[in-house]
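Observations on the model geometry
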Amino acid sequence: MDGRDWGKFLLPYEQAAEELKVKLKALRSELKARDEYAPIEFITGRVKRVSSILEKARRLSVPLDRIEMGIEDIAGIRIMCQFVDDIYRVADLIRQRKDLTLVYEKDYITHYKESGYRSYHLIVEYPVQTSLGSKPVLAEIQIRTLAMNFWATIEHSLNYKYRDQLPTHVRDRLRKAAEAAFLLDTEMSSIRQEIVDAQQDFEESSVIVRRVLNEIQELYFFRRVREAAQFQLRFNELWEQDDVWGLKELSLEIQAALDRAGKGGTS
Ligand SMILES: Nc1nc2c(ncn2[C@@H]2O[C@H](COP(=O)(O)OP(=O)(O)OP(=O)(O)O)[C@@H](O)[C@H]2O)c(=O)[nH]1
Ligand SMILES: Nc1ncnc2c1ncn2[C@@H]1O[C@H](COP(=O)(O)OP(=O)(O)OP(=O)(O)O)[C@@H](O)[C@H]1O
């Protein structure tokens, strides 16, 4: 080793990883408590092992006295989401935070890596409050879907097991598996969109149904009983046929009848 007190060196990174994890978990709970859809599924965090820091410093030719600036993921946070859209929403929420500063971002979703790796990375500077004052440390926040995480976890352990010497045919199959995982993400997103659209249609049709019924009540109020009863019959038919467009047209007709009634016209 290089004589450095690694225990002391890693303290602010441990604090940063812990605090970021707690804060992001709080964000998830807060969104849920507000009854909003929580785009975060779960969060993990870790501090890089000393052997891994030294190996990375050697690989990236970072001198040991420049590790703090040269290695950005000594403190690492990972956020898992259900859908690809959620990743961008979480990234936005993090960008808006006042307790950290964004240094730069890497979109490995649009620009996925040669291996097939996909994730969104934010490199942030987080000020840790120590007994000696505020100490800014770099941290890496990886945001990915459950499918991306599944792929990356297995690929990482295979690479570890085979010491980065994976045979070409295995690399090819891993690339194909990454495509399949992304296809799964795309398919799940489109199923979700269909559900959201169906919910919107349902909400729209409940609004129009309530409007027509209120308008018919108003006609009764103006004692336009015959007219109101005719509109009621047409409403029943359209409602049974689930004809939202027809209900909208009917609403316009009733509004015209209400206008006439308000001006004292005859039915
Ligand atoms: N499983 C897996 N993880 C990856 C891959 N590429 C990047 N990562 C993860 O993303 C982190 C940052 O990767 P990069 O953005 O390439 O950053 P880097 O620090 O310049 O380089 P490396 O950490 O050496 O890859 C890595 O430490 C891994 O945790 C990959 O191909 N497979
Ligand atoms: N930002 C992160 N958040 C949470 N866990 C992480 C993060 N980055 C890596 N890990 C996990 O930490 C464990 C140890 O990995 P390690 O720190 O050696 O790094 P790596 O990021 O895969 O590699 P590299 O040395 O290329 O940066 C692995 O299980 C890895 O998936």
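Computed from a predicted model, the values in this text were never measured in an experiment. (Residues numbered from 1 in each chain as written. Chains lettered and ligands numbered in written order. Predicted model: local features only at pLDDT ≥ 70, side-chain atom pairs only at ≥ 80, totals over all residues. Heavy atoms only, no water.)

Quick notes on the site of ligand 2
The environment of ligand 2 is formed by 13 residues, the closest being Lys-48, Ser-52, Lys-56, Arg-78 and His-156. In this structure, an oxygen atom belonging to ligand 2 sits 3.0 Å away from a side-chain N or O atom of Arg-46. Here an oxygen atom of ligand 2 sits 2.9 Å away from a polar atom, N or O, in the side chain of Ser-52. Summarising the interface, the protein chains cover 74% of the accessible area of ligand 2, which totals 600 Å² for the free molecule. Counting only elements with at least two residues in the shell around ligand 2, the list comes to strand 1 (42–47), helix 2 (50–59), strand 2 (75–81) and strand 5 (133–145). The residue makeup of the shell around ligand 2, split by class, is one nonpolar, five polar and seven charged. (Near = heavy atom within 4 Å. Polar contact = N/O pair within 3.5 Å; in protein donor to acceptor, adjacent residues only side chain to side chain. Areas by Shrake-Rupley, 256 points an atom, 1.4 Å probe, with all protein chains shown as cover. Helix = DSSP H or I, 4+ residues; strand = E, 2+ residues; numbered from the N terminus. Nonpolar A, V, L, I, M, F, W, Y, C, P; charged D, E, K, R; others polar.)

What about the pattern of salt bridges?
Scanning all chains against the criterion turns up 20 salt bridges. For the salt bridge of Arg-192 with Asp-86, the shortest nitrogen-to-oxygen distance reads 3.5 Å. Separated by 106 residues along the polypeptide, Arg-192 in helix 6 (residues 168–221) and Asp-86 in helix 4 (residues 84–95) bring together distant segments of the chain. The shortest N-O distance in the salt bridge between Asp-99 and Arg-97 comes to 2.9 Å. Since its relative accessible area comes to 23%, Arg-97 is described here as partly exposed. (Salt bridge = Lys/Arg side-chain N within 4 Å of Asp/Glu carboxyl O. Buried < 20%, exposed > 50% of the residue type's maximum accessible area, 1.4 Å probe, protein only.)

Comments concerning the nonpolar core
Ranked by size, the top nonpolar core spans 40 residues in total, and within it Ile-74, Ile-79, Ile-94, Leu-122, Ile-141 and Ile-143 carry the most contacts. Elements represented by at least two residues in this core include exactly helix 1 (6–33), helix 2, strand 2, helix 4, strand 4 (120–130) and strand 5. Not counting residues up to four positions away in its chain, the partners in contact with Ile-94 are Leu-24, Ile-79, Leu-100, Leu-122, Ile-141 and Ile-143. With 14 residues, the next largest nonpolar core counts Ile-208, Val-209, Leu-238 and Leu-247 among its residues. (Core = buried A, V, L, I, M, F, W, Y, C linked by side-chain atoms within 4.5 Å. Contact = heavy atoms within 4.5 Å.)

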